[in-house]
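# Residue-level structural notes
This is what each chain is made of:
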Amino acid sequence: MLECHSISVSYGKKIRVLSEISLQVTQGEIVAFIGGNGAGKSTFLKTVSGLLKVEKGKIVFEGKEIQTLPAHKIACLGIAHVPEGRKIFARLTVLENLELGAFRERDQLRQRLEKVFTLFPILKDRRSQLGGTLSGGEQQMLAMGRALMSEPKLLMLDEPSMGLAPKLVEKIFQTIKEINSQGTTLLVVEQNAHQSLAIAHRAYVLETGRIVLEGSGENLLHNPSVQEAYLGGV
Amino acid sequence: MRKVTSTTVLVVNLLILSLYPLFVQGTSLSYTLRLGGIVGLYVLLALGLNITLGLVGLFDLGFMAFYAIGAYSASIFSIGGWNFWYSTLFSILITVTLRLLLGAPVLRLRGDYLAIVTLGFGEITRLILNNWDSVTNGPKGLPRVGESISGIKIWNFELTENIHYYYLILAVVFLAMIISKRLENSRIGRAWTAVREDETAAELSGIPVTRVKMLGFGASSVFAAIAGSLFIHWEKFVTPESFTFWESVLVVSMIVLGGIGSMSGVISGAILISGIPLLLQVLLGGDFISYRYLIFGITLVLIILFRPQGLVPSQRQALELGEKDSK
C-alpha cells in the first residue's frame, strides 16, 4: 500500500534526519515505528504526509508517486496524519473539529460522525465544548476522530500516548486495534515501545535516521537489544 | 432563537437608517448624512479587512493601500471618461490583481512578519501616489485642473446630493454584509476558520492552505476597491493624504475593538471609531476640537478594559452539523 524507496530528508542543507529509509506498509497492517528522541520518527511521518519534502527517494502510495505532492493533496488520497501535539482546533467545538476533518469528503457525514462517536463515546458528550477545553486524552481522541472523519485508508499517528495517564494509554491502544479491525491500515510512531510492539503486526526500529531493525511486533518485543534499549531491560 | 433576534435587529437598524434622512434632510442636521456616508465607507473597509484579519487570521497593516489603489484607479478611469460602473469594475480588477501579486510571496510569512510587510507596502503605495506626478499628480491629487470626475448615474438618475450617496452607500454596505455572512458560512469560510486556527492541521485535513489564504486576501480587496471608487465618485477629488498609515491602523482597531471575526462587532467598531471623532469634531467645535482624539483615546482604552473580546464578540454560527436539539 505504502512503499518508501530509500528516502532521505534533511533540515536545511546540512542536518540529515532520515537517510535511505526503505520500507513498506501492507493493507490492513498496524506498523509501529519506535526509536528514541531525535531518531526521525516524526520527520518520517511528516515526509509521508507531505509537510516535509524528500531530498531524494520515492514514496509510492497505492501505485502513485506522492513525494512531490503538496500535503493537502496527499490528505485527499486517503492518508490521514495525526500530528504530534494533536493540533486540534482549540477554539472550535468538538463537532466543528470533526466536521473539518471531513472537509474533502462530504457525503455521509452523519454516518461517519456516528462511527467516530461509537469509537469515542466521550466525544459525543463533549460535542459542543471547545476543543481547547478538553483533557489531554480527550484531545488525542478528538485528533484521531478528526482524522477518521475523512475515512482514510492509511492513518498515521504520531505519539498518540504522549503525556497521557497509563489508563488512557491503554484505551488509546485498544482503540487503535479497533480501528485496524475495521479495515484501516495504521502507521504508529511511539516512544512507548512496549505497548506499540504489543499491538503492531510489524515494527521498525529507527536510530539516528536509519532503520536498524525490523520484524514482527512479537519478535521485536522479545529481541534482547530492543529490550535493553527501549523496554528498560528485563 | 439568536438567529431570529439578530435578523430583527438588522431589519430595525436598516429601517431606522433608511428613514433617518427623511427627517433630517433640509434641517440643520443634514450634515449628519455626509458623516453617515463617510462612516458607511469605513464600515465597508472594515468588513473587507475583517475577511483577512478576522476570518483568515492574517495580520494586515497596510489595508489602506488597496483602498488607495481602488480610489486612484477609479479616478483615472473616470477622468478618462468612463462611467461609474466601468471605472469601478476595472478598479476592482486592478486592485485585486495587485493584492494577489503582493499576496503570492507575502502569504508565506506569518504573524508579525506579515504585519511588517503589509505595513511597508502601505507606505510604499502612499509614497508612489505622492511622487508619480505624471499619473497621480502627486500631492496635488486628482483630478488636475481642467479635468473632472463624473458623478454616479444610475439609469437616468444622477446622484448629486449627499443624501443620494448616503442611500447608495447604505445599500452597498447592506450588500457587503450579506456577502460577508454568506462567505463566512460557506465552505470556503470554514476553510478560512481552519487555517486561522491551525495551518498545519488544516493542511492535513486536505485544505489547500495557500490557495485558501489567497482567496481571502483577494476577496477583502474587492471591498476596498468598491469603497475607493464610491469615495472618489462622491468626493470627486482624491489626494494621497487620505491613505496614511494612521487610516490602516484605524481600520484594524475597528475590527479588534468591535470583535475580531464578528460581523456585528466589526460594524459597531467601524461606526464607533470613524463616527466618534467626526461627531466630536462637529459637536465640540471651537477650542474643544483638539480634545477629540483625547476623548477618542479614552473611549478606546475603556473598551479594551471592559470588553477585551470586543464590543460584540464573535459568535460563530454552528457549522452544518450543529446541534438542533441542544438549543
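Everything that follows concerns the structure shown earlier in this document.
These lines cover the structure that appears in this document, whether it is placed above or below. (Residues numbered from 1 in each chain as written. Chains lettered and ligands numbered in written order. Predicted model: local features only at pLDDT ≥ 70, side-chain atom pairs only at ≥ 80, totals over all residues.)

Attention now moves to the overall build of chain A. Helix and strand counts for chain A come out as 10 helices and 10 strands. A compact globule built from 234 residues should have a C-alpha radius of gyration of about 17 Å, and chain A, at 17 Å, falls within 12% of that. The C-alpha extent of chain A, read off along each of the three principal axes, is 45 × 45 × 30 Å. When burial is assessed residue by residue, chain A has 48% of its 234 residues classed as buried. Looking at chain A alone, contacts between residues at least 24 apart form 65% of all its contacts between residues at least 6 apart. (Helix = DSSP H or I, 4+ residues; strand = E, 2+ residues; numbered from the N terminus. Rg over C-alpha atoms; globule rule 2.2 N^0.38 Å. Buried ≥ 20, exposed ≤ 12 C-beta atoms within 10 Å, placed from the backbone. Contact = placed C-beta atoms within 7 Å.)

Think of a sheet as strands paired side by side through backbone hydrogen bonds, with each pair either parallel or antiparallel. Residue and element names in this part refer to chain A. What the four strands build is an open sheet, ordered S2-S1-S4-S5; its pairing is antiparallel. Edge positions in the sheet fall to strand S2 (15–25) and strand S5 (64–65), since each has one partner strand and no second. Where strand S1 (residues 2–11) lies against S2, seven bridges are found, and the strand directions are antiparallel. Residue pairing for S2: Cys4 is matched across the bridge by Leu23. Those strands touched by helix H1 (residues 41–49) are S1, S2 and strand S4 (56–61), and its axis lies near 70° from that of S2. (Pairing = 2+ DSSP bridges. Axes fitted to C-alpha atoms, helices over the stretch in contact; angles between N-to-C directions.)

Once that is clear, we can look at the pairing of strand S7 (residues 154–158) of chain A. All names here are of chain A. Most of S7 is tucked away: five of the five residues are buried. Burial of the side chains of S7 extends over both faces: Leu154, Met156 and Asp158 are buried on one face and Leu155 and Leu157 on the other. In this sheet, strand S8 (residues 185–190) lies alongside S7 in parallel orientation, the contact comprising five bridges. Paired with Met156 across the bridge in S8 is Leu187.

For the rest of this paragraph, the subject is the environment of Pro152(A). Residue and element names in this part refer to chain A. On the secondary structure map, Pro152 appears in the loop between helix H6 (136–148) and S7. With 34 residues separating them in the primary sequence, Pro152 and Leu186 have C-alpha atoms 9.7 Å apart. Apart from residues lying up to four places away in sequence, Pro152 is in contact with Gly78, Ile79, Ala80, Ala147 and Thr184.

Bringing the interface of chain B and chain A into the picture now. Listed per partner, the contact involves 20 residues of chain B and 24 residues of chain A. Where the side of chain B that touches chain A is concerned, the elements lending two or more residues are helix H8 (187–197) and helix H9 (199–204) of chain B. Split into classes, the residues belonging to the side of chain B that touches chain A amount to nine nonpolar, five polar and six charged. (Nonpolar A, V, L, I, M, F, W, Y, C, P; charged D, E, K, R; others polar.)

Right, let's talk about the nonpolar core for a bit. Leu45(B) and Ala46(B) are the most contacted members of the largest nonpolar core, which totals 151 residues. Setting aside anything within four residues of it in sequence, one finds Ala46(B) in contact with Val251(B), Met254(B), Ile255(B), Val266(B), Gly269(B) and Ala270(B). (Core = buried A, V, L, I, M, F, W, Y, C linked by C-beta atoms within 7 Å.)

Residue and element names in this part refer to chain A. Strand order in the open sheet formed by six strands is S6-S7-S8-S3-S9-S10, with mixed pairing between adjacent strands. The open sheet has two free edges, formed respectively by strand S6 (79–82) and strand S10 (210–216), since each of these has just one partner strand. With direction set aside, neighbouring strand axes in the sheet form an average angle of 15°. Two elements, strand S3 (residues 30–34) and strand S9 (residues 202–207), share four bridges in a ladder whose sense is parallel. Paired with Phe33 across the bridge in S9 is Tyr204. Running at roughly 145° to S7, H1 makes contact with S3, S6, S7, S8 and S9 of the sheet. Sitting on the sheet, helix H7 (residues 166–181) touches S3, S7 and S8, and the angle it makes with S8 is about 160°.

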